[in-house]
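Okay, here's what each chain looks like letter by letter:
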Amino acid sequence: MPFLGQDWRSPGWSWIKTEDGWKRCESWSRDLDRENNPCNVSHSIILNSDDEEIFSNEEQEYTSKKRKKDHFRNDTNTQCFYREKWIYVHKESTRERHGYCTLGEAFNRLDFSSAIQDIRRFTYVVKLLQLIAKSQLTSLSGVAQKNYFNILDKIVQKVLDDHQNPRLIKDLLQDLSSTLCILIRGVGKSVLVGNINIWICRLETILRWQQQLQNLQVTKVNDGLTLSDLPLHMLNNILYRFSDGWDIVTLGQVTPTLSVLSEDRQLWKRLCQYHFAEQQFCRHLILSEKGHVEWKLMYFALQKHYPPREQYGDTLHFCRHCSILFWKDCRLALLFKDSGHPCTAADPDSCFMPVSPQHFIDLFKF
């Protein structure tokens, strides 16, 4: 009788043959270089007065060394992470498999590490990490938490290298640091997986990343065509392509011409109509002294009360017929055929639905 893995509908584990027998294939992630970049973060930022007896000045040097030792051991013993294009989301025990798929298991197995290199999926992954940081961090397993911070490290390094989307990462790190400060100060010590020193080291790393992003400077290119060389109608067309008000404000600070174009009332009216409903306009109507609607002020006022419309270049998709969560690309049909799990629905496209970051988390709430 052949051996059946965790689920005959899933790809299963990857194994390699060694002199001592068959072993599971491990993919080691890049270790964070903290020995060469020591963190000089004051403990008063991380801990409150109740923790002073633990981190007193006399024991500070010993504690710092132990934190680095615990964190280094935690990184070097990292479990293997998988790069699967799809997973089966099972919510109950079956004859073929006992148990169900958790958020941490899905986060480990899906290929988020490669997704951040795709400009279409980068914003989607960052938003997902931000939602996990706000409410689901403690629900992840220890392995999933390691994977979370490894992917976060790759995201930060990518932003530092290409200078793109720094504001998104700043918001993510701010939410994550706020969550960790609350947990480390005692509210959630009982639910933190691993040594408390590991989490303090992680928080120090986040604070260091925030400082690096704060000091980030975009290199000015002197050669070639610039925004100032473009005609007014093209500059106006560029502004109308943005779906985020803060991007319009930032671009308006580049040149005096863009500053004037970024104040266009029609531009902000279309932005409000794109993100919010007409009923919401009536509840937060802002008029000028002349009786005109202040669409720019309304946009930022509405943003405080209602979530803006989410827009992503590419998202995960879910098959309602087969309960498969996958990255949809041009090789989807071939992928399902080669993986041994073709969709059995009569019309597969009708079963595929895009999965927002919040929907991804809700899929694993039982």
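Refer to the structure printed above.
Quick notes on the rules
- Residues numbered from 1 in each chain as written.
- Predicted model: local features only at pLDDT ≥ 70, side-chain atom pairs only at ≥ 80, totals over all residues.
- Heavy atoms only, no water.
- Helix = DSSP H or I, 4+ residues; strand = E, 2+ residues; numbered from the N terminus.
- Buried < 20%, exposed > 50% of the residue type's maximum accessible area, 1.4 Å probe, protein only.
- Contact = heavy atoms within 4.5 Å.
- Areas by Shrake-Rupley, 256 points an atom, 1.4 Å probe, with all protein chains shown as cover.
- Phe/Tyr/Trp six-rings, centres within 6.5 Å; stacked < 30°, edge-to-face > 60°.
- Axes fitted to C-alpha atoms, helices over the stretch in contact; angles between N-to-C directions.
- Parallel < 35°, antiparallel > 145°, perpendicular 65-115°, else oblique.
- Left-handed = near helix turned anticlockwise from the far one by under 90°.
- Nonpolar A, V, L, I, M, F, W, Y, C, P; charged D, E, K, R; others polar.

Draft legend 1. Spotlight on the overall build of the protein. Counting secondary structure elements, the protein contains 17 helices and 6 strands. Counting across all 366 residues of the protein, residues that qualify as buried make up 43%. Intrachain contacts of the protein at a sequence separation of at least 6 include 70% that bridge at least 24 residues. About 21,500 Å² of surface is accessible on the protein, with carbon and sulfur atoms providing 50% of the total.

Draft legend 2. Local environment of the packing of aromatic side chains. For the structure shown, the criterion picks out 16 aromatic pairs. Residues tryptophan 268 and phenylalanine 300 carry aromatic rings whose centres are separated by 5.7 Å and whose planes lie at 50° to one another, so their mutual orientation is tilted. Here phenylalanine 300 lies in helix H14 (residues 295-305) and tryptophan 268 lies in helix H12 (residues 265-275), a separation of 32 residues in the sequence. Taken together, the aromatic side chains of Phe107, Phe112, Tyr124, Tyr148, Phe149, Trp199, Tyr312, Trp327, Phe360 and Phe364 make up a single cluster linked through ring pairs.

Draft legend 3. Geometry of the packing of H12 against H14. Between H12 and H14, the least distance of the axes is 8 Å, while the angle of their chain directions is 25°. Considering their axes alone, H12 and H14 lie roughly parallel with respect to each other. Judged by the twist between their axes, the crossing of H12 over H14 is left-handed. For the pair H12 and H14, the contacting residues are Arg265, Trp268, Lys269, Leu271, Cys272 and His275 in the first and Trp295, Lys296, Met298, Tyr299 and Phe300 in the second. By residue class, the composition of the contact of H12 with H14 is 7 nonpolar, 1 polar and 3 charged.

Draft legend 4. Region of interest: the environment of histidine 292. By secondary structure assignment, the location of histidine 292 is in the loop between helix H13 (278-283) and H14. C-alpha of histidine 292 to C-alpha of arginine 265: the two residues are 27 residues apart in sequence and 9.7 Å apart in space. Ignoring any residue separated from it by four or fewer positions in sequence, one finds histidine 292 in contact with Arg265, Ile286 and Leu287.

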